[in-house]
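Descriptive structure summary
Here's the letter readout for the chains.
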Amino acid sequence: MPKLDINQIINELDMDTYNEICQSITKIDRSNMDMELSRHASHYSYYSAMQDLCKKHLDDKNLELTMYMAQTRKERTEEGRSLAKKPTAKDLDDYVLSQPEYGRIGREVNELTLKYNMLKSLVQSLGQKKDLLVQLSANMRAEKNIYS
């Protein structure tokens, strides 16, 4: 299991890291099934916690985006009070969406969404590994009974 800080793994997660982690955690050593079975719960817990932490980061960033949008709309509405024509909801939306800060935060939301989905896939693969470990273990017990 990685010794890196969970936040560091989330921050540095890319496709290469994802592939490396995926290969590592889905590998099954059939010669040491007892170890595989005993370690599985801690691996599942570790990556599930990482997924949950990433979800929190994503939720926080979505909240930041929502607050930015509300604040920017409010400021634009106040600026528009001095104009002859009051800005419409569409005008306000267009203004918010055209701001560079909106684009920056939006891209961060997209990046965190990708990382969250990657971690979700890792956790799902661990669920599939559990099913495989259970089946392989049952098969090994059945084989022992045949030869004893």
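The preceding data block contains the structure.
Let me begin by describing the structure that accompanies this report.

All right, on to the environment of Val-109 then. Among the structural elements, Val-109 can be located in helix 5 (residues 100-147). Residues Val-109 and Thr-17 lie 92 residues apart in sequence; the distance between their C-alpha atoms is 20 Å. Residues in contact with Val-109, not counting those within four places in the same chain, are Leu-58, Lys-61, Asn-62 and Leu-65.

Attention now moves to the nonpolar core. Counting 23 residues, the largest nonpolar core has Leu-13, Ile-21, Ile-25, Tyr-47, Met-50, Leu-119 and Leu-122 as the members making the most contacts within it. Those elements that place two or more of their residues in this core are helix 1 (6-12), helix 2 (15-26), helix 3 (33-80) and helix 5. Counting residues per element, this core draws most heavily on helix 5, which supplies nine residues. The contacts of Leu-122, once residues within four sequence positions are left out, are Tyr-18, Ile-21, Cys-22, Ile-25 and Tyr-47.

Turning our eyes to something else, we now look at the packing of aromatic side chains. The description of an aromatic ring pair uses the distance of the two centres, along with the angle that the planes make with each other. The final tally for this structure, using the stated rule, is one aromatic pair. Between Tyr-46 and Tyr-47, the aromatic rings sit 5.1 Å apart at their centres with planes inclined by 85°, giving edge-to-face as the arrangement. Tyr-47 sits in the buried class, given a relative accessible area of 1%. Geometry around Tyr-116 places Lys-55 over its ring, the cationic atom sitting 5.7 Å from the centre.

Glancing now at the pattern of salt bridges. On inspection of all chains with the given rule, the structure shows 14 salt bridges. Note that Glu-36 is salt-bridged to Lys-129, the shortest N-O span being 3.3 Å. Of this pair, Glu-36 sits in helix 3 while Lys-129 is found in helix 5, placing the two residues 93 residues apart along the sequence. The pair formed by Glu-36 and Lys-129 is uniform in burial state, with each residue classed as buried. Its salt-bridge partner being Glu-64, residue Arg-104 comes within 3.6 Å of it at the nearest N-O pair. Of the two residues, Arg-104 is situated in helix 5 and Glu-64 in helix 3; the sequence distance between them amounts to 40 residues. With relative accessibility at 31%, the residue Arg-104 sits in the partly exposed group. Take Glu-64: its relative accessible area is 30%, and that puts it in the partly exposed class. Members of the salt-bridge network, linked through shared partners, are Lys-61, Glu-64, Glu-101, Arg-104 and Glu-108.

Basis of the calculations
- Residues numbered from 1 in each chain as written.
- Predicted model: local features only at pLDDT ≥ 70, side-chain atom pairs only at ≥ 80, totals over all residues.
- Heavy atoms only, no water.
- Helix = DSSP H or I, 4+ residues; strand = E, 2+ residues; numbered from the N terminus.
- Contact = heavy atoms within 4.5 Å.
- Core = buried A, V, L, I, M, F, W, Y, C linked by side-chain atoms within 4.5 Å.
- Buried < 20%, exposed > 50% of the residue type's maximum accessible area, 1.4 Å probe, protein only.
- Phe/Tyr/Trp six-rings, centres within 6.5 Å; stacked < 30°, edge-to-face > 60°.
- Lys NZ or Arg CZ within 6 Å of the ring centre and 35° of its normal.
- Salt bridge = Lys/Arg side-chain N within 4 Å of Asp/Glu carboxyl O.

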